[in-house]
Amino acid sequence: MAVGRNDRRLLCMLCLTFGFFVVELVVSRVTASLAMLSDSFHMLSDVIALTVALVAVRFAERTQATSKNTFGWIRAEVMGALVNAVFLTALCFTILLEAVERYADPHEIESPRVVVWVGVAGLLINLLGLFLFHGHAGHGHSHGGHGHSHGGHGHSHGGRSRPRYEESETSEKKQAQEESHRLMVKSNCGHSGDHAVQIESDVVLSHNLQVQLNGDVSLEQLEESSESAAQLNMRGVFLHVLGDALGSVIVVVNALIFTFVWTPCHGEETCVNPCFSSHCSDHQHTHSDSPALNNGTDGVFSEAGPCWVLYLDPTLCLIMVVILLYTTFPLLKESAFILLQTVPKQIDMQKLDGKLRSLEGVLAVHELHIWQLAGSRFIATAHVKCHDPSSYMDIAKRIKSFFHDEGIHATTVQPEFSSDESCVSECDLPCYSQCAPKLCCETNRKSGSESEAVVGTGDTSSQSTPQRNTVGWNVLQEAGAVLQTHMESTV
Amino acid sequence: MGRYTGKTCRLIFMLVITVTFFVVEIVTGYAGNSIALVSDSFNMLSDTVSLCVGLLAARLSRRRGSQRYSFGLARAEVVGALANAAFLSALLFSISAEAVKRLSRPERIDEPLVVLVVGALGLAVNVIGLLIFQDCRCLSASARRDPATEEKVVMNGEAGSLTQPADSVKTEKTQSDSQPLNIRGVLLHVLNDALGSVVVVVASLLFYLRPLEPEAPCNWQCYVDPGLTLIMVAIIMSSAISLMKETTNILLQMTPDDLSLSTVLEEVCRLPGVISVHEVHVWELVKDRNVATLHVKVTSEFPDSQFKMLHSQIRDIFHKAGVHSVTVQLEVSEGELDSGHCTNQCTSSDCLKLSCCPLEPKPDTGGKQKQHSFSGDVAVNMENGQTTLLREQDTKQLDSNRTQSTTF
């Protein structure tokens, strides 16, 4: 299972990083090096990020519903991703501030050789981490809405950088399910998808059989459903490790250049350090200057090494911050959008609305909400107006398979029956009028209005003035208009 | 949440003050060459960032629903609060890293007077900020006490006291007496800054009153600053974590704390004609705005004309429980062969992995998993006059008669 593997990888990386943090801490104590101490805190921030991701993964394993959380805990991974992304942005912010301070007040590096060695060790660990998590680099795979089917091959689908063993495992399972579905009777209530593998294992055909699934649930989609939820979380971890790796690179490069290019002030000579301002506040270099001041008779003056070396560190840090922010921002956006209950970007609400309305027997649709729980799990609710209850069950099946085709598999559709054609646009069953501020989204109950007003405001007025309708969400009042939309949408 | 008309105004006012003071501090810091001032100004900058996040969230949450945001952006406040809390945690982490560095290599404060003055000014700015938001909370609390509701009123009362006891989450669900999460996130930042200024003032006062000779090594005075800083970090961190936990309740789509789901479901099941209830989901969009969806199974003999009545009755039950946006899917039972599970499942069993909450098969029960509700939901079946969770009932049924519709 992909989840188990993520778990192991995270634990492994966590132990390594924590161990290295301890090592760096000890070394910094021994050598009294401040740079080492600050690098160790970078490692600690990595540890924190990994812990957050691990907690999220552990939580998200429990996808079943409980009375405390009726959706299971799968969203924990999205939250973990957001927290990590914000954490990383904040760290970038503090690094930025430190770099600015360094520009105003440059420091020399003490004992650069030790720094080089420890920096290299840190870099190795980070490279290992990058290697462990690289499969989740780049954009998340969010193709939940596609309707195309894939054949029965178990090889990688081009452009996906996932480890092969993972893929072949899941693809075998999915194939077995495909076969079982084909042979199953439609009345699949009480039938768990997972165990279908167990009871149908004797009818699993060979891998090469191409299966066209009913309703276009593709192999791709199924593989992704279990992976894309974890995708965001792992991306957050990857970005943290990347940030740390870049930091280590900077530390090593800086220390190397410092060792070879910088000529420091030695205690015995009279030495002037032109890079620091005269009223130096940094006590680190006062001890190198003060013997020079005492020894005024000596005429030899030497200068400390090229000044640009001192500004190399903050400059590289700035570049690193820019790179990190650029890569973190998409993750931040994506996880924020999921948590904000927005319509998933694969779904075109207007089109879907039009198509739903055009189904036979559907008079009107309102309170349509589609949102993403996590990964490819989309949830939709709608109120549908129909003629009468006897025709409803038919319509319900059609609506269900319509949503299925769109990639939405968890739906709740509320039927409303109204013989009165003129009130087709209104909800038959609203809560009391004083509950208006407590609704998920205020709807306008004035019958003359054409707009489906969905308001997220906290105003106290319960019967607010008619809201201006937003793009493409006109609720039409006559059935004739419904036909018209149908025509338009099919064009 | 966001019921005060002046909320955004207050945020903007606070933002203006903070930015001004940040500019003043950084200019003074560089002109007077005091690193302490420069770093304190960066505290103000982080405050500014958190205020911007808070302001953005408050603005966004007023947006109406549209094609892209079917619920509107009401959740922006909660996400903003989480972002602020995480941002604050990161800042606290780096502050504590600095403090530890200072403990291992203590430094003195060189110009205590300047630092003292600017620290005091910073403290004043932050206290003003805390007071601004505190004011409206006290006022609104007295105005909005609604005797009709059974909910308790939370009155924290003290300025800036954001550390709440563990069970306060329940009492927080009053109408609008508690601070909205977003504002709490911003206030935590301001509090952090205020306490930081307090530490700066105390430390610089110490150095001003008992100045250290330039050549003398650092004595205990040099440890005051980092020591107090670490204490401050501990205090603020506990509040930040409790704020994060509260946002977690909403963002993870958890059932509202004050709602007893099983009681509500039992009441629904007691309605005439209702056999069972499944796929029940209740969650909070934001505080006080609860959303519920459920599938209700009715007997096949249920008269069509009664549907609307049943609907209203169900809605009433939920209304009393505090949930006002309910979507009910009615399903007609298929008679005796009906296993009690959803008659309107998705078209293919493979969709189960993509449905909202599939049940993970337990490894020890093996084949018995067949009969479990694959939607994995809380469901109540009242058929035998007793309340059992559907999952348990299935196991019992399986043991007794083994007549389930899973043959192929």
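Residues numbered from 1 in each chain as written. Chains lettered and ligands numbered in written order. Predicted model: local features only at pLDDT ≥ 70, side-chain atom pairs only at ≥ 80, totals over all residues. Heavy atoms only, no water.

Visitor: Is there a simple way to think about the overall build of chain B in this case?
Guide: Of regular secondary structure, chain B possesses 10 helices and five strands. Counting the 408 residues in chain B, one finds 59% classified as buried. If you take every contact in chain B between residues at least 6 apart in sequence, the share linking residues at least 24 apart comes to 71%. Carbon together with sulfur atoms contributes 60% to the accessible area of chain B, which is approximately 16400 Å² in total. (Helix = DSSP H or I, 4+ residues; strand = E, 2+ residues; numbered from the N terminus. Buried < 20%, exposed > 50% of the residue type's maximum accessible area, 1.4 Å probe, protein only. Contact = heavy atoms within 4.5 Å. Areas by Shrake-Rupley, 256 points an atom, 1.4 Å probe, with all protein chains shown as cover.)

Visitor: I tried to follow the overall build of chain A on my own but got confused; where do I start?
Guide: Per the secondary structure count, chain A includes 12 helices and five strands. With 491 residues in all, chain A has 54% of them scored as buried. Taking as baseline every contact in chain A between residues at least 6 positions apart, the subset at least 24 positions apart corresponds to 75%. Element-wise, carbon and sulfur atoms account for 61% of the exposed surface of chain A, whose accessible area totals about 20600 Å².

Visitor: Sorry, what's going on with a nonpolar patch on the surface here?
Guide: Residues and elements named next belong to chain B. Residues Leu113, Val114, Val117, Leu121, Leu205, Tyr208 and Leu209 make up a contiguous nonpolar surface patch of roughly 620 Å² in combined accessible area. Every element with two or more residues in the nonpolar patch is listed here: helix H4 (112-143) and helix H6 (181-209). For the nonpolar patch, the element with the most residues is H4, which contributes four residues. Taking relative accessible area as the criterion, tyrosine 208 reaches 43% and is therefore assigned partly exposed. (Patch = residues over 30% accessible without salt bridge, like charges linked within 9 Å, V, L, I, M, F, W, Y side chains within 5 Å. Salt bridge = Lys/Arg side-chain N within 4 Å of Asp/Glu carboxyl O.)

Visitor: Sorry if this is basic, but what is going on with the pairing of strand S2 (residues 289-298) of chain B here?
Guide: The two faces of a sheet get side chains in turn, since along a regular strand they alternate between them. All names here are of chain B. Most of S2 is tucked away: 10 of the 10 residues are buried. Neither face of S2 is left uncovered, since the one carrying Arg289, Val291, Thr293, His295 and Lys297 and the one carrying Asn290, Ala292, Leu294, Val296 and Val298 both have all their residues buried. In the sheet, strand S1 (residues 274-286) pairs with S2 via nine bridges, with the strands oriented antiparallel. Among the inter-strand pairings, valine 274 is bridged to a residue of S2, identified as valine 298. Following S1, the chain reverses through two residues before pairing antiparallel with S2; aspartate 288 in that reversal takes a positive phi of roughly 70°. Sheet topology places S2 next to strand S3 (residues 325-332); eight bridges connect them, and they run parallel. Residue pairing across strands places leucine 294 opposite valine 328, the latter belonging to S3. (Pairing = 2+ DSSP bridges.)

Visitor: Is there a simple way to explain the pattern of salt bridges in this structure?
Guide: Pairs may arise between side chains of opposite charge once their charged atoms sit close together. All names here are of chain B. A complete count under the given rule lists 11 salt bridges over all chains for this structure. For aspartate 225, the salt bridge identified is with arginine 102, shortest N-O distance 4.0 Å. Highlighted residues: aspartate 225 in helix H7 (residues 221-251) and arginine 102 in helix H3 (residues 76-104), separated in sequence by 123 residues. Take arginine 102: its relative accessible area is 31%, and that puts it in the partly exposed class.

Visitor: What should I look at first to understand the side chain of Gln329(B) in this one?
Guide: With respect to the helices, strands and loops of the structure, Gln329(B) is situated in strand S3. For Gln329(B), the side chain forms a polar contact with the main-chain nitrogen of Val413(A), separated by 2.7 Å. (Polar contact = N/O pair within 3.5 Å; in protein donor to acceptor, adjacent residues only side chain to side chain.)

Visitor: In this structure, what is going on with the confidence of the model for chain B? I would like to understand it.
Guide: Low-pLDDT stretches of the model should not have their predicted coordinates read in fine detail. Residue and element names in this part refer to chain B. On average, residues of chain B score 74 in pLDDT, and 69% of them reach the 70 mark or higher. Taking the mean pLDDT of every element in chain B, the minimum, 39, falls on helix H5 (residues 168-171) and the maximum, 90, on S2. Confidence over residues 360-379 falls short of pLDDT 50; this stretch has 73 contacts with residues more than four positions distant or in other chains. Taken as a whole, residues 381-396 scores under 50 in pLDDT and shows 38 contacts with residues more than four places along the chain or in a different chain. For this predicted complex, the interface score ipTM comes out at 0.76, while the overall pTM is 0.72. (pLDDT = per-residue confidence, 0-100.)

Visitor: Looking at this structure, I do not really get the packing of helix H10 (residues 349-357) of chain A against helix H11 (residues 389-406) of chain A. What am I missing?
Guide: Relative orientation and spacing of two packed helices are given, respectively, by the angle between their axes and the distance between those axes. Residue and element names in this part refer to chain A. The N-to-C vectors of H10 and H11 enclose an angle of 155°; their axes lie 11 Å apart at closest approach. Put simply, H10 runs roughly antiparallel to H11. The interaxial crossing formed by H10 with H11 has right-handed handedness. Contacts from Leu352, Lys355 and Leu356 in H10 reach Ile399, Phe402, Phe403 and Glu406 in H11. Among the residues forming the contact of H10 with H11, the class breakdown is five nonpolar, no polar and two charged. (Axes fitted to C-alpha atoms, helices over the stretch in contact; angles between N-to-C directions. Parallel < 35°, antiparallel > 145°, perpendicular 65-115°, else oblique. Left-handed = near helix turned anticlockwise from the far one by under 90°. Nonpolar A, V, L, I, M, F, W, Y, C, P; charged D, E, K, R; others polar.)

Visitor: Honestly, the environment of Val19(B) in this entry has me stumped. Any pointers?
Guide: Here Val19(B) lies in helix H1 (residues 7-32). Measuring from C-alpha to C-alpha, the distance between Val19(B) and Thr48(B) comes to 6.5 Å, with 29 residues separating the pair along the chain.

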